[in-house]
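# What the coordinates show
So the chains spell out like this:
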Amino acid sequence: MTPQPSPWPDRPRLPPPDSGPRERRPNDARTPDNAGTFALVPGGRAGATGAGTRVFGQDGAGVPGAAESGDAFGAAVYLVDGDGRAEPVAGAPGENSGAGGFWVFPGRTTAQGSYPVTAGTLGTTASRAGLGTAFPR
């Protein structure tokens, strides 16, 4: 499989799910044995405080789905702000054998009400589409 150019060239690309052996690092969403997580670090106008940091993963309470090897959950995270309070959106490009997906966290600091968006949710079929690999700036 020939890698296609990224629409976001300044962001790192994840290797395809079957690209062969690579260095294994603990807690690295790009390793095949890691389902992935992301951390939400609170802060304000003065910057991040670190107090009250929450870590989310597919195996956490309130997060739909199941953590699976290679999902790369949290490989890309984007904050959507339509009401003055940012809601995190976390990508999982390895979900469903590389079709990918992303999870929306409208609870901001909890997983309550979070939901996935995958190829099936969108009414399409995707093979190695990597949905959730990157988000626009």
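These numbers come from a predicted model, not from an experiment. (Residues numbered from 1 in each chain as written. Predicted model: local features only at pLDDT ≥ 70, side-chain atom pairs only at ≥ 80, totals over all residues. Heavy atoms only, no water.)

## Structural notes on the overall build of the chain
Put simply, the rule reads: Secondary structure elements follow DSSP: runs of H or I no shorter than four residues count as helices, runs of E no shorter than two count as strands, and numbering proceeds from the N terminus. Any two residues whose heavy atoms approach within 4.5 Å at even a single point are treated as in contact. Method for areas: the Shrake-Rupley scheme with a 1.4 Å probe, in which residue coverage is limited to the protein chains shown.
For the chain, the helix and strand inventory stands at one helix and eight strands. Start at the N end of the chain and walk to the C end: the helices and strands fall as β-β-β-β-β-β-α-β-β. Taking all contacts inside the chain whose residues are at least 6 apart in sequence as the whole, residues at least 24 apart take part in 44%. Total accessible area on the chain is roughly 8,300 Å²; 53% of this is exposed by carbon and sulfur atoms.

## What about the environment of Ala-86?
Looking at where Ala-86 falls in the secondary structure, it is placed in the loop between strand 5 (77-80) and strand 6 (87-91). In the structure, Ala-86 is positioned 21 residues away from Gly-107 in sequence and 9.8 Å away in space, judged by C-alpha atoms. With residues up to four places along the chain from it excluded, the contact list for Ala-86 reads Leu-79, Val-80, Asp-81 and Arg-108.

## With respect to the packing of aromatic side chains
Our working rule: We call Phe, Tyr and Trp rings a pair once their centres come within 6.5 Å, taking the six-membered ring for Trp, and we label the pair stacked below 30 degrees between planes, edge-to-face above 60, and tilted otherwise.
Applying the stated criterion across every chain yields a total of eight aromatic pairs. Among the aromatic residues, ring-to-ring pairing joins Phe-38, Phe-56, Phe-73, Trp-103 and Phe-105 into one connected group.

## Some details on the nonpolar core
Nonpolar side chains tend toward joint burial in soluble globular proteins. How we decide: Nonpolar cores are built from buried Ala, Val, Leu, Ile, Met, Phe, Trp, Tyr and Cys residues. Side-chain atoms within 4.5 Å join them into one set. Buried, partly exposed and exposed residues are distinguished by accessible area as a fraction of the type maximum, computed with a 1.4 Å probe on protein chains only: under 20%, between the cut-offs, and over 50%, respectively.
Ranked by size, the top nonpolar core spans ten residues in total: Phe-38, Leu-40, Phe-56, Val-63, Phe-73, Ala-90, Ala-92, Trp-103, Phe-105 and Ala-111. Sequence-distant contacts of Trp-103, defined by excluding residues within four places in its chain, comprise Gln-58, Val-63, Pro-64, Phe-73, Pro-88, Val-89, Ala-90, Ala-92, Glu-95, Tyr-115 and Pro-116.

## Some points on the sheet that holds strand 8 (residues 115-118)
Using the following cut-off: A pair of strands is considered paired only if DSSP assigns at least 2 bridges between the two. Note on definitions: angles span 0 to 180 degrees between N-to-C directions of axes, and those axes are lines fitted to C-alpha atoms, for helices only across the stretch in contact.
The four strands lie next to each other as 5-6-7-8, forming an open sheet whose pairing is antiparallel. Looking at strand neighbours, the two that pair on one side only are strand 5 and strand 8, the edges of this open sheet. Within this sheet the neighbouring strands show an average axis-to-axis angle of 25°, counted without direction. Pairing geometry for strand 5 and strand 6, over four bridges, is antiparallel.

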